[in-house]
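Observations on chain architecture
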Amino acid sequence: MDYLLTEEQVMLRDLCRQITDEKITPIAAQLDKSEEFPWEVVKVMAESDIFGVYIEEKYGGMGGGLLELCIATEEFSRGCAGIALAFSATALGTDPILLFGSEEQKEKYLPSIAAGKRLAAFAITEPAAGSDASAMQTTAKKDGDHYILNGTKHFITNGGEAEIYTVVAMTNKDRGARGASIFIVEKGTPGFTFGKKEDKLGIRGSATRELIFTDCRVPKENMIGKEGQGFLIAMKTFDMSRPGIGAQAVGIAQGAFEASVKYAKERKQFGKSISSFQGIQFMLADMATQIEAARALIYASARQIDAGSTKTVSKDSSMAKLFASDVAMKVTTDAVQIFGGYGYMKEYPVEKYMRDAKITQIYEGTNQIQRNIIALNLIKETSKS
Amino acid sequence: MNIIVCIKQVPDTTQVRIDPVTNTLIREGVQSIINPFDMYAIEEGVRLKEKYGGKTTVISMGPPQADAALREAISMGCDEACLVSDRAFAGSDTLATGYTLAMAIRKLKDYDIILCGKQASDGDTAQVGPGIATQLDIPQVTYVKKIEDVKDNHATVERMTEEGFEIVRTSLPCLLTVVKEINEPRIPSLKGRMKAKKAEILSWKAIDLDLEEEKLGLKGSPTWVSKIFTPPPRPKGHILEGDPEETTTKIIEALKDRLI
Ligand SMILES: Cc1cc2nc3c(=O)[nH]c(=O)nc-3n(C[C@H](O)[C@H](O)[C@H](O)COP(=O)(O)OP(=O)(O)OC[C@H]3O[C@@H](n4cnc5c(N)ncnc54)[C@H](O)[C@@H]3O)c2cc1C
């Protein structure tokens, strides 16, 4: 389908496709096994100006928006969703600064992020606070010109590898959801250390790690927005980031689909290629249709946000993430089916796509939580009219 | 330092087939790319500029479509590009091509190092680079795998030989043809691609250059291609087994049979 991309967007897509084909796909299986962080690819992405695609030009970026971020994420994820996360989770960690950062904070952090010199990460989840982020235990206590952070975040993408962390902590526990604030914490700050690195089902080329804060003093200039705005900023960040997760899901599905079509044409049974069987053809047709629908929803929601139309953004970006991730799970499962027994083996690429797809239904709000958001918003919308 | 990189646009040989009836290349649907060996020359040209300062100019002789190849070179970091294109150049062999490019390079003036790929993937002659150097009457080093150093108006390079490599020191200006061992060409950045899209490409026709007409195109080409064909696969060898004395006699007889 023609999404009427601009010439620059097509250029970006082609560039990301080239990086994927030449630098990502060839090492995807190896990093899946070794769980190494893809620094080599990060370097290529940085030199290609990719880390700045969604950042304003005055901070050294390319001046694009969420659609550009989605295009890049989708292409990279087609090769390896784990490797792609070094890029897209940096965007997640950067979003609070882009959305609510002061001019000083933007000038201080955005140029090095745009240049790909420093990666970022976003930290809200804790062992006892997943879907219910308001159960968070990490605290930030004011002490003169500083806040003192104490607590543990876990399952943090880019944890340990990133230099810049946007961290949500409670500044006033009594105020519940209104008592959280968000801070920029740099790697190397005394009292900030890293804990357990997770051994995961999929996206194994991505680092998922624990962040531990022990009397970690953060200057008050590092607070993003105002005290008490932490949850608001986090929610707005997720509104922005969900299409990106959807794009990751579409990329995974696309990769699995392409492998399936190729295999179906090559594999012969009963004296014919299996692509001549209607049972396989219908599966391929459904896969292609679902992917296209997911992509259309992602691009539409990203374009809407880029155009500044935010009235229904929470609902729309939740729909995009929900639909695309469910499509990714379905398509990758079918891809394994088309490969038959070979699909179950690590020698072939599709079982990895299936393992990688699963995470898109879980993080940045599980798909149950997405449905909650969608339902809540549509009930709100209809009761107003 | 001023660097000139000569590139050629070629059909993507991984896609090319030969029509068995007409013995010509089937070009339909085949993408044009920069000669793969020239990619190393471009990369080296850009690296030299990054290391020593100066300017890297890329030049190509070819049809107007070669514009795309020049833009790709700009996206990789070349500063300027020049397309030498004219119907009068059609049918040029390596001699005429070397002559024409040399005259264009002469017009570009002030150059220190000229870089070429070791050969083009379509013709595989490896003659144009040396031809240019001969026409310009400057030293040439072929099959360069490393540029060690450029200083005091000299370049020290490593050149591949069948047994190993030689270290050669040459005065500037000089022409170097490079092999793929020299570097890993970069992926052009987004900013580079945008710059390339807008770049102005210098375009020269035959009349813009001070050329002798009889040295151009078909007229200036003593060689021509009479036939292109896919060579038949080499027949399987024959292995003689047995004790050495016996097999030696057999070999001698076999050779005698073939009148060698
Ligand atoms: C690989 C990976 C990377 C991650 N990266 C990051 C990161 O970079 N930063 C970060 O902050 N977090 C990150 N997370 C955390 C992620 O966002 C959470 O795991 C996710 O939000 C779910 O939280 P939980 O794991 O505690 O599950 P729980 O919240 O315990 O959910 C368990 C189950 O209950 C369901 N459930 C919960 N509440 C409801 C409800 N109200 N209605 C219906 N069903 C419900 C859930 O949908 C789920 O099925 C990451 C997680 C993983 C696995």
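Scroll up to find the structure this text is about.
Just so it is clear, the model here is predicted, and its values are computed rather than measured.

With that settled, consider the sheet that holds strand 10 (residues 154-160) of chain B. Residues and elements named next belong to chain B. Strand order in the open sheet formed by 9 strands is 11-10-9-12-8-1-6-7-13, and the pairing between neighbours is mixed. Single-partner strands in this sheet number two, and they are strand 11 (165-171) and strand 13 (202-204). Neighbour-to-neighbour, the strand axes of the sheet open up by a mean angle of 30 degrees, direction not taken into account. Two strands pair when backbone bridges link them, and strand 10 and strand 11 are joined in this way by 7 bridges, in the antiparallel orientation.

Turning our attention to the packing of aromatic side chains. Residue and element names in this part refer to chain A. Applying the stated criterion across every chain yields a total of 16 aromatic pairs over all chains. Ring plane angle 70 degrees and centroid distance 6.3 Å describe the contact between Tyr54 and Phe87, whose orientation is recorded as edge-to-face. Here Tyr54, found in the loop between helix 2 (39-47) and helix 3 (66-79), pairs with Phe87, found in helix 4 (residues 81-100); they are 33 residues apart in sequence, far enough to count as distant. Their ring planes at 80 degrees and their centres at 6.2 Å tell us that Tyr263 and Tyr348 sit as a pair that is edge-to-face. Placement of Tyr263 in helix 6 (residues 230-266) and of Tyr348 in the loop between helix 8 (313-339) and helix 9 (350-360) is noted, with a sequence separation of 85 residues between them.

Residue and element names in this part refer to chain B. Relative to the helices and strands, Asn183 is located in the loop between strand 12 (174-178) and helix 5 (190-198). Separated by 140 residues in sequence, Asn183 and Glu43 place their C-alpha atoms 7.3 Å apart. What Asn183 contacts, discounting residues up to four positions off in sequence, is Tyr40, Glu43, Glu44 and Arg47. Within the structure, the side chain of Asn183 is placed 3.0 Å from the backbone oxygen of Tyr40, a separation counted as a polar contact.

Another point: helix 5 (residues 103-114) of chain A. All names here are of chain A. Helix length check: helix 5, at 12 residues, gives a terminal C-alpha distance of 16 Å against a target of 16 Å (1.5 Å per residue), a fit within 8%. Buried within helix 5 we find Gln105, Lys106, Tyr109, Leu110, Ser112, Ile113 and Ala114. Residues of helix 5 that are buried make contact with helix 4, strand 1 (120-123), strand 4 (164-170), strand 5 (180-186) and strand 8 (223-224). Gly116 occupies a position one or two residues after helix 5 and carries a positive phi of about 75 degrees.

Residue and element names in this part refer to chain A. One way to put it is that helix 6 packs onto helix 7 (residues 278-306) with a least axis distance of 9 Å and a crossing angle of 155 degrees. Overall, the two elements helix 6 and helix 7 adopt an arrangement that is roughly antiparallel. When you trace helix 6 past helix 7, the crossing you get is left-handed. Residues Asp239, Met240, Pro243, Gly246, Ala247, Val250, Ala253, Gln254, Phe257, Ser260, Val261 and Ala264 of helix 6 lie in contact with helix 7, whose contacting residues are Ile280, Leu284, Met287, Ala288, Ile291, Ala294, Arg295, Ile298, Ser301 and Ile305. Class assignment of the residues belonging to the contact of helix 6 with helix 7 gives a composition of 16 nonpolar, 4 polar and 2 charged.

The next point concerns the interface of chain B and chain A. In this complex, chain B contributes 10 residues to the contact, which on the side of chain A involves 17 residues. When chain B packs against chain A, close to 1,200 Å² is buried across both sides, 65% of that on carbon and sulfur atoms. Counting across the interface, chain B meets chain A through 3 salt bridges. Where chain B meets chain A, there are 7 residue pairs in polar contact (both at pLDDT 80 or more). Of the residues that constitute the side of chain B that touches chain A, the class distribution is 4 nonpolar, 2 polar and 4 charged.

Moving on, we come to the site of the ligand. All names here are of chain A. With respect to spatial proximity, 20 residues lie near the ligand, and among them Thr125, Ser131, Phe155, Thr366 and Gln368 are the closest. The separation between a nitrogen atom of the ligand and a polar side-chain atom of Thr125 is 2.6 Å. Interatomic distance of 2.7 Å between a backbone N/O atom of Phe155 and a nitrogen atom of the ligand. Considering the ligand on its own, with 960 Å² of exposed area, one finds that the protein chains cover 64% of that surface. Residue assignment for the shell around the ligand shows that the elements contributing at least two residues are strand 1, strand 3 (146-157) and helix 10 (367-384). Across the shell around the ligand, the residue classes break down as 10 nonpolar, 8 polar and 2 charged. Each of domain 2 (121-230) and domain 3 (232-384) gives at least three residues to the shell around the ligand.

So, how was this worked out
- Residues numbered from 1 in each chain as written.
- Chains lettered and ligands numbered in written order.
- Predicted model: local features only at pLDDT ≥ 70, side-chain atom pairs only at ≥ 80, totals over all residues.
- Heavy atoms only, no water.
- Pairing = 2+ DSSP bridges.
- Helix = DSSP H or I, 4+ residues; strand = E, 2+ residues; numbered from the N terminus.
- Axes fitted to C-alpha atoms, helices over the stretch in contact; angles between N-to-C directions.
- Phe/Tyr/Trp six-rings, centres within 6.5 Å; stacked < 30°, edge-to-face > 60°.
- Contact = heavy atoms within 4.5 Å.
- Polar contact = N/O pair within 3.5 Å; in protein donor to acceptor, adjacent residues only side chain to side chain.
- Expected span 1.5 Å × (residues − 1).
- Buried < 20%, exposed > 50% of the residue type's maximum accessible area, 1.4 Å probe, protein only.
- Parallel < 35°, antiparallel > 145°, perpendicular 65-115°, else oblique.
- Left-handed = near helix turned anticlockwise from the far one by under 90°.
- Nonpolar A, V, L, I, M, F, W, Y, C, P; charged D, E, K, R; others polar.
- Buried area = accessible area lost by both parts, 1.4 Å probe.
- Salt bridge = Lys/Arg side-chain N within 4 Å of Asp/Glu carboxyl O.
- Near = heavy atom within 4 Å.
- Areas by Shrake-Rupley, 256 points an atom, 1.4 Å probe, with all protein chains shown as cover.
- Domains from an automatic or database assignment.

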